[in-house]
Amino acid sequence: MIDLVILEKEILEEVKSVKDQDGLEAIRVGELGKKGRISLLMKDLSLLSPEEKKEKGSTLNKLKNNVSNSISEKKEELENTELNNRLLKEKVDVSLPVQSQSAKTGKIHPVSQVMDEISEIFGSLGYQIAEGPDIETEHYNFNALNIPESHPARQMHDTFYMPDKNDNDESLVLRTHTSPVQVRTMEKGEPPFKFISPGRTYRCDSDQTHTPMFHQIEGLVVDEKTHLGHLKWTLETFFKSFFELDSIEIQLRPSYFPFTEPSLEVDVLCDRSGSVLKVGEGSDWLEVAGAGMIHSEVLKSANIDPTKYQGFAFGLGVDRLAQLKYGIPDLRTFFNGDVRWLNHYGFSFLDIPTLSRGLKK
Ligand code: FA5
């Protein structure tokens, strides 16, 4: 008959001196596993008389518990040792130089970059952000902006019409500009308002400076006193900050929009003769924005009293601004999905603007 005291001592010694988890598992299986020594001894208990079974059973149970506890404790000890060893080996040397960007690292598209830059500048000037849907009702895209159905100005926008109406039987379009967000936002609140609204816009148009999908940022200020001088200052301040130049030649040209009176168009001086577009040089003007004082009919559409409130609005062509700032000659290349183009013109994550950037001048 095996001496259980000697057996326990022998197993506990073995557990104590084992060096790794595999060795410990081998001991557990050899002693407590289905065919392990202790398990077989437990099985043999059934052959004994009731008195012997009681006495031996209790000793065997104690042995089993002691072995099982010592295996658990050893397991924890080995796990801790392994973890400490790994932590020691995996030290990070923070003094090493930053790894260079590998070819597989993604780049930020110039449009996303410029959207962020513009939002940061207007954010610093106290503008909030408002949003509207890409699929817009004819009401907000045209009617609420003083462009009724028969109005010739509808022809100015080469509109993509949706085949189906919405649940309220309203005709739908892919919005041709971000101006619908003006009335959408104003009718939800009370003046004063000061917000920008960035987003995608769509027109059936394609050449070097036009794409069927492009981006605009609408801007709007409404209160009791805002006038055309504030609009001029805002545009000049924005363009100086955006192009990071002390002075920038922009041209405010009289224009016509049904939703502003007076209306104007903003052009930036640039050189488009070479393969790189250069801002502030040459003799070409690139139109980058439409703007004006908000028409009284638009204020009325948003239930605002035009005898008490007034303000300005502008719509910046984001893609054109990206073209100008980063010297990208053809707008159509923006949306070809060519990774080589993005690797060349894209931005790394470290270039994301901060609140102070763009306003330092
Ligand atoms: C508008 O869309 C007016 N909603 C802007 C506005 C807002 C005027 C508020 C008054 C008050 P316009 O059609 O000119 O205006 O477009 C504004 C700018 O979007 C243009 O100056 C140009 O930079 C850009 N843009 C227009 N069409 C395209 C196009 N197909 N591709 C790229 N950019 C375009």
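Each value, and the rule that gives it
- Residues numbered from 1 in each chain as written.
- Predicted model: local features only at pLDDT ≥ 70, side-chain atom pairs only at ≥ 80, totals over all residues.
- Heavy atoms only, no water.
- Helix = DSSP H or I, 4+ residues; strand = E, 2+ residues; numbered from the N terminus.
- Rg over C-alpha atoms; globule rule 2.2 N^0.38 Å.
- Buried < 20%, exposed > 50% of the residue type's maximum accessible area, 1.4 Å probe, protein only.
- Near = heavy atom within 4 Å.
- Polar contact = N/O pair within 3.5 Å; in protein donor to acceptor, adjacent residues only side chain to side chain.
- Areas by Shrake-Rupley, 256 points an atom, 1.4 Å probe, with all protein chains shown as cover.
- Nonpolar A, V, L, I, M, F, W, Y, C, P; charged D, E, K, R; others polar.
- Axes fitted to C-alpha atoms, helices over the stretch in contact; angles between N-to-C directions.
- Parallel < 35°, antiparallel > 145°, perpendicular 65-115°, else oblique.
- Contact = heavy atoms within 4.5 Å.
- Expected span 1.5 Å × (residues − 1).
- Core = buried A, V, L, I, M, F, W, Y, C linked by side-chain atoms within 4.5 Å.
- Salt bridge = Lys/Arg side-chain N within 4 Å of Asp/Glu carboxyl O.
- Domains from an automatic or database assignment.

## Concerning the overall build of the protein chain
For the protein chain, the count of helices and strands is 11 helices and 10 strands. Taken over the C-alpha trace, the protein chain has a radius of gyration of 37 Å; the compact-globule value for 361 residues is 21 Å, which it surpasses by more than 25%. A principal-axis box enclosing the C-alpha atoms of the protein chain has dimensions of 110 × 55 × 40 Å. Burial status across the protein chain gives 42% buried among its 361 residues.

## A word on the site of the ligand
Taken together, 26 residues lie around the ligand, and H177, S179, R203, Q216 and E287 are the ones closest in. Between a nitrogen atom of the ligand and a side-chain N or O atom of S179, the distance comes to 2.8 Å. Burial of the ligand by the protein amounts to 96% of the accessible area it has alone, namely 670 Å². Sorting the residues of the shell around the ligand by element identifies β5 (213–223), β7 (260–271), β9 (284–294) and β10 (310–317) as the ones contributing at least two each. In the shell around the ligand, the residues fall into 9 nonpolar, 11 polar and 6 charged.

## Considerations on the packing of helix α2 (residues 21–32) against helix α3 (residues 37–44)
Put simply, α2 and α3 touch, their axes get as near as 3 Å, and they point 15 degrees apart. As summarised for this structure, α2 and α3 are arranged roughly parallel, according to the angle between their axes. Of the residues in α3, those touching α2 at G30, E31 and L32 are R37, I38 and S39. Counted by class, the contact of α2 with α3 contains 2 nonpolar, 2 polar and 2 charged residues.

## Regarding α2
Taking 1.5 Å as the rise per residue, α2 with 12 residues should run 16 Å; its terminal C-alpha atoms sit 16 Å apart, in good agreement. Buried-residue contacts for α2 involve α1 (4–17), α3 and α4 (50–89). Where α2 starts, the residue carrying a side-chain oxygen 3.4 Å from the main-chain nitrogen of D22 turns out to be D20.

## A closer look at the nonpolar core
Formed by 40 residues in total, the largest nonpolar core has its most connected members in I118, F122, F238, F239, F314, L316 and L321. Elements that contribute at least two residues to this core include exactly α5 (110–124), β5, α8 (228–243), β7, β9, β10 and α10 (318–326). Apart from the residues lying within four places of it in its own chain, the contact partners of F238 are I118, I121, F122, L316 and L321. Within the second largest apolar cluster, 23 residues are counted, among which are F142, L145, L299 and I304.

## Side note on α4
With 40 residues, α4 should reach 58 Å at 1.5 Å per residue; the first-to-last C-alpha distance of 58 Å fits that figure. Listed as buried for α4 are K56, G57, L60, L63, V67, S70, I71, K74 and L78. Buried positions along α4 lie against α1, α2 and α3.

## Considerations on the pattern of salt bridges
Scanning all chains against the criterion turns up 18 salt bridges. Residue E136 pairs with R184 through a salt bridge whose shortest N-O separation is 2.8 Å. Highlighted residues: E136 in strand β2 (residues 135–137) and R184 in helix α7 (residues 180–186), separated in sequence by 48 residues. Overall, the relative accessible area of 1% leaves E136 in the buried class. Here R340 makes a salt bridge to D338, at a shortest N to O gap of 2.8 Å.

## A look at the domain arrangement of the protein chain
Each assigned domain of the protein chain is listed with its residue range as follows: domain 1 (4–89) and domain 2 (108–357). Computed from C-alpha coordinates alone, the two centres of domain 1 and domain 2 are separated by 76 Å.

## Comments concerning the environment of Y127
Within the fold, Y127 resides in the loop between α5 and β1 (128–129). Of the residues examined, Y127 reaches a relative accessible area of 8% and is grouped as buried. It is 4.6 Å that separates the C-alpha atoms of Y127 and F195, two residues lying 68 residues apart in sequence. If sequence neighbours within four positions are ignored, Y127 has contacts with F122, K194, F195, I196, L220, V221, T234, F312 and F314.

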